[in-house]
Amino acid sequence: DKDFHFRFKKLSTNLDNFNLSLSNSFEGRCHDSFLTDITREHLISDVPIATTISGGIDSSVVSLNAEKFTKKNNMFSAFSESFDSEISDKRLIEYKDKLINIDCTLANTGKYVDEIIKKLSAPFESSSWIYQDFLMKEISSKFNYKVLLVGEGADEIYSGYKRLFYPYLFSLELAEEKELLDQSIAGFSVFLGINKEEILKNYSLFSESLNSKTDYEDRIYSKYFSNSINNFEYERYFPSFENISSNDPEIFYKKHLLSYLNRADIPSTLYVLDIISMSYGIELRVPFLDIKLYEEVMNYSFKYHFNRGFNKYILRKSSSILNEEIRWNKFKKQRPTAISSLIYDTLTDEILYLLSQENIL
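Residues numbered from 1 in each chain as written. Predicted model: local features only at pLDDT ≥ 70, side-chain atom pairs only at ≥ 80, totals over all residues. Heavy atoms only, no water.

Asks: What is the right way to read the sheet that holds strand β4 (residues 147-149) from this model?
Replies: By way of backbone hydrogen bonds, the strands of a sheet pair with one another, either parallel or antiparallel. Across the sheet, which stays open at both edges, the five strands sit in the order β3-β2-β1-β4-β5 with parallel pairing between neighbours. Because the sheet does not close on itself, it has two edges, and the strands there are β3 (99-103) and β5 (283-285). Neighbour-to-neighbour, the strand axes of this sheet turn through a mean angle of 30 degrees, independent of strand direction. Alignment of strand β2 (residues 75-79) against β3, held across five bridges, turns out to be parallel. Along β3, the bridge assignment pairs Ser77 with Asn101. The strands touched by helix α3 (residues 57-69) are β1 (49-52), β2 and β4; relative to β1, the strand with the most contacts, the crossing angle is about 155 degrees. (Pairing = 2+ DSSP bridges. Helix = DSSP H or I, 4+ residues; strand = E, 2+ residues; numbered from the N terminus. Axes fitted to C-alpha atoms, helices over the stretch in contact; angles between N-to-C directions. Contact = heavy atoms within 4.5 Å.)

Asks: Looking at this model, I keep getting lost on a nonpolar patch on the surface. Mind explaining?
Replies: A cluster of nonpolar residues, Ile339, Ile343 and Tyr344, forms a patch on the protein surface that exposes about 330 Å² of accessible area. Note that Ile343 resides in helix α16 (residues 338-346). (Patch = residues over 30% accessible without salt bridge, like charges linked within 9 Å, V, L, I, M, F, W, Y side chains within 5 Å. Areas by Shrake-Rupley, 256 points an atom, 1.4 Å probe, with all protein chains shown as cover. Salt bridge = Lys/Arg side-chain N within 4 Å of Asp/Glu carboxyl O.)

Asks: What's the story with the side chain of Ser189 in this structure? I'm lost.
Replies: With respect to the helices and strands, Ser189 occurs in helix α9 (residues 178-192). Engagement of the side chain of Ser189 in a polar contact is seen with the backbone oxygen of Ile194, the distance being 2.5 Å. Other than its neighbours up to four places away in sequence, Ser189 contacts Ile194, Asn195, Lys196 and Ile199. (Polar contact = N/O pair within 3.5 Å; in protein donor to acceptor, adjacent residues only side chain to side chain.)

Asks: Quick question: what am I supposed to make of the environment of Val47 here?
Replies: Mapped onto the elements of the fold, Val47 is located in the loop between α2 (28-41) and β1. A sequence separation of 98 residues divides Val47 from Tyr145, and the C-alpha atoms of the two residues are 7.9 Å apart. Leave out the neighbours within four places in its chain, and Val47 touches Lys146 and Val147.

Asks: Honestly, helix α5 (residues 109-120) in this entry has me stumped. Any pointers?
Replies: Helical periodicity: at 3.6 residues per turn, an α-helix aligns residues three or four positions apart in one direction. Compared with the 16 Å implied by 1.5 Å per residue over 12 residues, the 17 Å span of α5 between its first and last C-alpha is a close match. Within α5, the full set of buried residues consists of Thr109, Gly110, Tyr112, Val113, Ile116 and Leu120. Projection of α5 onto a plane perpendicular to its axis shows the buried side chains occupying an angular sector of 160 degrees, all on one side. A distance of 3.1 Å separates the backbone nitrogen of Lys111 from a side-chain oxygen at the start of α5, and that oxygen is part of Asn108. (Expected span 1.5 Å × (residues − 1). Buried < 20%, exposed > 50% of the residue type's maximum accessible area, 1.4 Å probe, protein only. Arc of directions from axis to C-beta.)

Asks: How do you make sense of the pattern of salt bridges when you look at a structure like this?
Replies: The tally for this structure, following the rule as stated, stands at 13 salt bridges. In this structure, Arg29 and Glu27 form a salt bridge, with 3.5 Å as the shortest nitrogen-oxygen distance. A salt bridge links Lys119 to Asp133, with the shortest nitrogen-to-oxygen separation between them at 2.5 Å. Of the two residues, Lys119 sits in helix α5 while Asp133 sits in helix α6 (residues 128-143), which places them 14 residues apart along the sequence. For Asp133, a relative accessible area of 1% gives the class buried.

Here you go:
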């Protein structure tokens, strides 16, 4: 089969095969249909499938699309003493018996930290992994699900993070899109409640660092090292202008997007979460990181990513399955106490001991 061999060849070269200069138009209904088909492909299984769902647009799209094609789709969400459920009371009523809320309060957090470090054979940076570990353990042991669809990856392919807004603005400048640039700054300011002065300040720092060896965000680590800030070098989060070696705004922005995927999401979702899920015999499926979907998004012009200041504009515009409240809501409700609670309440003695050591790191 020629198509099979073609796709296998593309997969073998992974993400290097994308034509980053494409600037195709985006049409919401077509992309909605494409994303629905991707979800349906990930539902092929001879065992029951469940999904995880939070208060955000990403997991809601996966869960509600999955519901179209399965006889009974259980949706699992987490809460604990450290953070409330991300599902609003209104949506709890809407989902009724489809939604199962799991209490992920940990009796011995230190034990779980040690267990995850042993599983990964490395330190980890996100306290949410502790709760995801507990959630998967509960799903596997009490409900016997062996396949789980999750909403991770949407922030990476659809530009959900604030830090990606600055490469977006720079690309608009390269494209000489002055009107869209002004509209995007104004919209971003209103949408996230960030004043324009702060946006412009961060954008200026981003632009000034494009030719340096160090990202503007990573320079904050310089205080932990003996070198002066002028000599300080730290791995760039995003590529330098020299490494991009193109003035094409499409290529400039999409190389930043690819860099984020390679540095953040592949090790986080496709490595860490896979190890955690497989430790409980669960196959983790991530529709948003399907290579066909990623290629489709890369074919659209970069201009749609933060169109007029909305992060994840492509996903918001195309997700007809969601009500307007969810589709155009701001960043989803976070778990503000999860990390701080671990540090200040649960692991106080351990953290104080570490801080008393000669090596502050």
